[in-house]
Each structure stands twice: as structure tokens, then as C-alpha cells.
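Analysis of the macromolecular model
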Amino acid sequence: MRALSLATLFHVGLCAAQTTVTGRVVDATDGTPLPYCTVARVGTTEGTITNADGGFRIHVAADDSLRFTYIGHIARTLPAHAVDGRDVRVAPAVVQLGEAVIRPDDELYARIIRANKWISQAPGVESKLFFGVETYNNGLPVEMIHAYYNASLKGGELLDLELKNGRIGVAGIDGRLFINYNTTKAFALIDITADESPFPTSPLKHQRAKLLRKGFIVEQVSTAAGPDGVDHLRIVPRANNPKAFTTELWLEPGGDAVRAVELRCQNCPKHPFIPLFDHGRIDTVDLRYKQHWTTGPEPMPQVMQLDYRMVYTGPETHERFTTHALMHAYDQGRGFTLPLFSYAGEVPDYRKIGWLPEDTAFWQRVQPPLPTTRQEQAMRFLRMNDINHGDWF
């Protein structure tokens, strides 16, 4: 009994040593908030990311230091107590060119080919993963998902997700529900180096500069200033290549390692989204997908964003929806203890999350990225419209 009491007191002491700090990360030049900046506890695998407004919160010990890294900016390491409630200013490490540079030789095209090889050779990694989705119709929240998974990633591709627990909130419009029934599958379908894809063509699929040049124009937008900087390349489809993404690529200074990649298209000619019911159709999809990569011996896409706007037409309805989906992979090499059962076959997100009982203790322990003011309002909506407390499912 004495040993149990000592162990209990020791555990409480460890918990008491933890505190939560909050702050905001901004550009040192103009004070612009930096969204999805990495905030890491030095000496651990733990960390978080800033939200869309640059805000963050993180559990720390009294003597912790935090390292702030953002694409194209000089990394900063500061004592955790020094940033609580304050702005953390990080300076740019790039030289913006007056206008995009198109070089007559193949060097920029060769860098794209080498970046393809670098991504393809990135090792397989396991990690915990936070998944968040929010959907709005004319500015009003109609759907929100928070979930945690064990993730397997390799070469920029999301190979597998195993659900730990999740929450879903939905709200109707004139008696109708709009849901992204299986958004994690959309993430899994995006392989930025794949030769064939349900999305528009990615220039990073090419392994030969000659073929890349036929379909795309490569421009240099900015160049690195120091080791923390990045070289920013823009890859634009030629007129003869209308079913392709416009791509932004950020590479290590003078090298091939990818720091971030963004694919985007307006009125996408190809996409995997389909109406849940036969009586509706999706008329237009605008899409943006971005990966932020870690550095080190086992690089991986740490933050993945998928934003899309779509026009949906059904019987007596014509709606415009905007969805923002985010994945944050963290605690590389570690995973959650999962429920003691598996799903037979491919089961959509909604059914997986709807079937699982809510784990209240788990949600008290985890800490998603700090919500923005708009997300706080959406969180209240989620709690009022939690599918586990309704009978629609």
C-alpha cells in the first residue's frame, strides 16, 4: 500500500510540474501572423503548430525551451516562460526577386526532377496524427470533425490511418445535411509524385526534365538568404496542359530537399468528390493542397492542408460550401493505444467515428491546435450538434 501511495504522489507531482503557455508567432518584418508554424519542445518529440491566426498553446515543464520553425524564416529557440502571452517574431530568410525568373537552361527543371527523387526516397514513418475538418455554407458552420489517428506515411503519401477517437458535429440547412463523408480518403488519394491520380496532374510526377518542360514552365520566385531560407519555385502548366496543377515548391538552399509543396487549381478538371446521393451533382471544385515537411534523417510531411470550395446542385437547391481540412503528424515513432477491434474492409470516417463511444478521459489529455475565434464558435456548434447525441446517424 505504501508503494502505491508513493507512486500516486509521484505521478501527481509530475502532472503538477506541467503548465500551459500560449502565444502567437508573427513575421518580424511586418507582424503578419504565421499559420501552421511548428512549435517544438526541445529535446522531445512533442510539439504543436500554430493556428490560422498564428496562435498556439502547448504543455511545457518549467525549464523547457521551445523551437519555432517556419518555411523561409530563421528558426528561433526561446525559454518557454519567455513566450507566454507574447508575440514570437521570426525573421524572413529569403530574398524576394523583383519578378519571377525563367532561366533558359534546364537547371530549374532538373531541380524539380531531383525533388521528385528526394520525395520518393523519403523513408516510411509512423506517428500520431490530428485530423480536423470544418465546413461552412455562406459563412455558417455546417460540419466539424476532430479526430486522432495512428498514421503511416512514406514518400509524401499517406499510407494508412488507424482511428483512436473522434468527434463530429453537423447542422442542417432547411432540413438537409452536408457532410464530407470520407475526407481522410481524399488525403490518402493525393500522391504528389504519382503518375496516375484522380486529381489534376502534378508536375512532381515527372522523372525526366524533357517531359516536364513540355507541359510546364518553371520560374524562380525567391532565393534563400542563409541556411534557414528556401528557394521558392513556381511551376505553371502550359496552355497545352489544362488538366494540371499550378505548383509552388520550396526547396532547401541550392539543394533538392523539399521544405513545402502546394498544389492548386480553380474549377479543377479532375477531382474524386462525388455526391452521396444520385439526385445531386457537384458543379465546380476549387482546390488547394499543401504539405510542410520536417528536416532531419527521417523527413515527413508534418502538416497537410486540404482546402476546397464546391458548388453543389440538387433538387431545389444550389449551395456553395467551403471546407478546410488539416492533418498534423507529431510524436514521430510513437502511437496511441488503439481500440481492441478492427474494421472489416474500407469504412468511411463518419461510420468509424459514429460507432466508437466517446473517450472523455482521452479528450481531456490531448490538446488540438489552439482554435481561432471562428473555430471557437464552430466548437460550440460541434458540442450542440454532436452526432453521438443525436439520432440522425
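Now for a description of the structure that goes with this document.

Here is what the cut-offs are and how they apply
- Residues numbered from 1 in each chain as written.
- Predicted model: local features only at pLDDT ≥ 70, side-chain atom pairs only at ≥ 80, totals over all residues.
- Heavy atoms only, no water.
- Pairing = 2+ DSSP bridges.
- Helix = DSSP H or I, 4+ residues; strand = E, 2+ residues; numbered from the N terminus.
- Axes fitted to C-alpha atoms, helices over the stretch in contact; angles between N-to-C directions.
- Buried < 20%, exposed > 50% of the residue type's maximum accessible area, 1.4 Å probe, protein only.
- Phe/Tyr/Trp six-rings, centres within 6.5 Å; stacked < 30°, edge-to-face > 60°.
- Lys NZ or Arg CZ within 6 Å of the ring centre and 35° of its normal.

Before going further, it helps to spend a moment on the sheet that holds strand 4 (residues 55-61). Pairing in this open sheet of three strands is mixed, and the strands run 4-1-7 from one edge to the other. Strands with a single pairing partner mark the edges of an open sheet, and in this sheet they are strand 4 and strand 7 (86-90). For this sheet, the mean inter-axis angle between neighbouring strands, taken without regard to orientation, is 40°. Pairing between strand 1 (residues 18-27) and strand 7: five bridges, direction parallel. Following the sheet pairing, Gly 23 is matched in strand 7 by Arg 86.

Across the eight residues of strand 15 (residues 258-265), seven count as buried, placing the element largely inside the fold. Pairing between strand 14 (residues 246-251) and strand 15: six bridges, direction antiparallel. What sits directly across from Trp 250, in strand 15, is Ala 260. Counting the residues in the hairpin turn of strand 14 and strand 15 gives six residues, including Gly 254, whose phi is positive at 70°. Examined bridge by bridge, strand 15 and strand 16 (residues 281-293) share six bridges and lie antiparallel to one another. In the sheet register, Val 261 faces strand 16, and the bridge partner there is Gln 291.

A separate point is the packing of aromatic side chains. We describe a pair of aromatic rings using the distance from one ring centre to the other and the angle between the two ring planes. Applying the stated rule across the entire model yields 12 aromatic pairs. Taken together, a centroid distance of 6.2 Å and an interplanar angle of 90° make the contact between Phe 131 and Phe 187 edge-to-face. Of this pair, Phe 131 sits in strand 9 (residues 125-137) while Phe 187 sits in helix 3 (residues 183-189), placing them 56 residues apart in sequence. Exposure remark for Phe 131: the relative accessible area of 0% places this residue in the buried category. Note on Phe 362 and Trp 363: the rings are 5.7 Å apart at their centroids and 80° apart in plane angle, and the pair reads as edge-to-face. Here the aromatic residues Phe 130, Tyr 148, Phe 336, Phe 362 and Trp 363 are joined through ring pairs into a cluster of three or more. Arg 213 extends its terminal NZ or CZ atom over the ring of Tyr 109, reaching a point 4.2 Å from the ring centre. Positioned above the aromatic ring of Trp 250, the side-chain terminus of Lys 290 is 4.6 Å from the ring centre.

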